[in-house]
Amino acid sequence: MRLRFTKMQGAGNDFIVLDETRGPLGLTAAQYRWLADRHFGVGADQILSVRPPPDPSVDFEYVIHNADGGEVENCGNGARCFVRYVHDAGLTDKCCVRVHTRAGMLTLALQDDGRVTVDMGAPVFEPARVPFVAEGLAREPEGDWWRWCLPLEEVPSGDGGRAAAAPLVRVAVLSMGNPHAVLRVDDVERAPVATWGPRLEHHARFPRRANVGFLQVLSRQQARLRVHERGTGETLACGTGACAAVVAGIRLGWFDERVDVTLPGGVLTIEWAHGEGLTAAVRMTGPAQPVFTGEVEVPPLA
């Protein structure tokens, strides 16, 4: 199959965008993995598909596949690239579009300066809806919320001896359309992203796995963040991860209602009007840039 694509990036989080408005491409999970492969395919953190609207209340359907080939509920950085793509490609002349995702409806607005603001909807805090298995876990109150005391699994010593003691981590757990665990750290540069990230992603308490954010609080309006993304690993930026980190920090008393989050790939501005209640929508503003367009022959992988 010969496939035309556009490569885009938002704060360093990179995507392959596919136009399926004229008909489905019918790609398999293995073909999505091949496209995302940086050695044998095009290379990307995620693949975004533009599809016709499933009902008249929205402009498009927005479908996301991770680098491991699995379809996921939401991607904030991808949403910014999505609206930039449909506008630049002439699929719409609107600067504000509504899209359907597996997590619900999103409103995406292209700003005059080229940045994009996404209404990410309201965060979800109920453990069962994240989903997160909280039964039997202790929690520590802070601000108007709490952090769960989550033991990581024991790690084998590697020499046949006794397993190393399992560390206890304090995590804020919520969903931004996809599950997130947020840890506060003193220095993101020294945070154990490569080791704790995969272990928390696959923790038994997260039935659908989790995105894991390592958050350093700089002030009430500024933060640094690194994110291990479910099905991908650490990326240069994660929009839903930035939203989850700021929402958690606001509820825990660390932040004001508008925070600039510096990720390895750039800065995202996150706003959440906590004073309006827990159902207030989260707004994210950041860059979205096309990189190149091309065509590729996708092998017939089952």
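Use the structure listed above.
Now for a look at the structure at hand. The numbers attached to residues start from 1 for each chain and follow its sequence in the written order. Local features in this predicted model are restricted to residues whose pLDDT is 70 or higher, and side-chain atom pairs enter the listing and the counts only when it is 80 or higher, whereas totals over whole chains, interfaces and linings include all residues. For the side-chain quantities, the full set of heavy atoms in the structure was used; hydrogens and water were omitted.

Next up on the list: the overall build of the protein chain. Numbering of helices and strands runs from the N terminus, with a helix taken as a DSSP run of H or I at least four residues long and a strand as a DSSP run of E at least two residues long. The secondary structure content of the protein chain amounts to four helices and 19 strands. For this measure, only C-alpha atoms enter the radius of gyration; the expected value for a globule follows 2.2 Å times N^0.38, where N is the number of residues. Computed over the C-alpha atoms, the radius of gyration of the protein chain is 19 Å, within 12% of the 19 Å expected from 2.2 N^0.38 for a compact globule of 302 residues. The C-alpha extent of the protein chain, read off along each of the three principal axes, is 55 × 50 × 35 Å. Think of it in three bands: residues with accessible area under 20% of the maximum for their type are buried, residues over 50% are exposed, and the middle band is partly exposed, with areas taken using a 1.4 Å probe on protein chains only. Within the span of the protein chain, comprising 302 residues, buried residues form 52% of the whole. We call two residues in contact when some of their heavy atoms are within 4.5 Å. By sequence separation, contacts in the protein chain at least 24 residues apart represent 61% of the contacts at least 6 residues apart. Accessible surface, the protein chain as shown: approximately 13000 Å² in total, 50% of it carbon and sulfur. Computed by Shrake-Rupley with a 1.4 Å probe, the accessible areas treat only the displayed protein chains as cover when residues are assessed.

This part is about the environment of Pro287. Within the secondary structure, Pro287 is located in the loop between strand E18 (282-286) and strand E19 (289-297). Exposure remark for Pro287: the relative accessible area of 25% places this residue in the partly exposed category. Taking the C-alpha atoms as reference points, Pro287 and Val171, separated by 116 residues in sequence, lie 29 Å from one another. Not counting the four nearest positions on each side in its chain, Pro287 is found in contact with Gly10, Ala11, Arg80, Arg115, Val267 and Leu268.

To continue, consider the pairing of strand E9 (residues 139-142). In this analysis, strands are considered paired if DSSP registers two or more bridges between them. In this sheet, strand E10 (residues 145-151) lies alongside E9 in antiparallel orientation, the contact comprising four bridges. Opposite Glu140, over in E10, you have Arg147 as the bridge partner. Between E9 and the antiparallel strand that follows it, E10, lie two residues; Gly143 among them carries a positive phi value of about 60°.

By nonpolar core is meant a set of buried Ala, Val, Leu, Ile, Met, Phe, Trp, Tyr and Cys residues that side-chain atoms within 4.5 Å join together. In terms of nonpolar packing, the biggest core is built from 59 residues, with Tyr62, Leu108, Leu215 and Ile270 touching the most fellow members. Examining the composition of this core, we find that eight residues originate from one element, helix H4 (residues 239-251), more than from any other. In contact with Leu108, not counting residues within four places along its chain, are Ala79, Phe82, Val83, Cys95, Cys96, Val97, Val99, Thr117 and Val118. Val130, Leu150, Val185 and Phe214 belong to the second-largest nonpolar core, a separate cluster that totals 21 residues.

The next point concerns the side chain of Asp59. Relative to the helices and strands, Asp59 is located in the loop between strand E3 (46-51) and strand E4 (60-66). Here the side chain of Asp59 touches Lys94 through a polar contact of 2.6 Å, side chain to side chain. With residues near it in sequence (within four places) discarded, Asp59 still touches Pro53, Lys94, Val97 and Arg98. As used in this structure description, the phrase polar contact means that two N or O atoms lie within 3.5 Å; if the pair is within protein, one of them must be able to donate a hydrogen and the other to accept it, and residues adjacent in sequence are counted only when both atoms belong to side chains.

Bringing unusual backbone geometry into the picture now. Here Val130 and Pro131 are connected by a cis peptide whose omega angle stands at -5°. As for its placement among the helices and strands, Pro131 is situated in the loop between strand E8 (116-119) and E9. Although it is not a glycine, Ala11 adopts a positive phi angle of roughly 60°. Looking at the element boundaries, Ala11 is found in the loop between strand E1 (2-10) and strand E2 (13-19). Look at Arg209: it is not a glycine, yet its phi comes out positive at around 65°. Turning to its location among the elements, Arg209 is positioned in the loop between helix H3 (193-201) and strand E13 (211-217). By relative accessible area, Arg209 is classed as partly exposed at 27%.

Here the focus is the state of the cysteines. Two cysteine sulfur atoms form a disulfide, by the criterion used here, when they sit within 2.5 Å. The final tally for this structure, using the stated rule, is zero disulfides. Of all cysteine sulfurs in the structure, the one in Cys96 sits closest to Cys95, which takes part in no disulfide; the separation is 8.7 Å. Exposure remark for Cys95: the relative accessible area of 39% places this residue in the partly exposed category.

Working definition: two side chains of opposite charge can pair if their charged atoms are close together. Salt bridges are defined by distance alone: a side-chain nitrogen of Lys or Arg within 4 Å of a carboxyl oxygen of Asp or Glu. By the definition in use, this model includes 23 salt bridges. The closest approach of N and O atoms between Glu142 and Arg147, which form a salt bridge, is 3.1 Å. The salt bridge involving Asp260 is made with Arg258; its shortest N-O contact spans 3.9 Å. You can call Asp260 partly exposed: its relative accessible area is 26%. What makes Arg258 partly exposed here is its relative accessible area of 45%. Put simply, Arg2, Arg4, Glu295 and Glu297 are held in one network by salt bridges that share partners.

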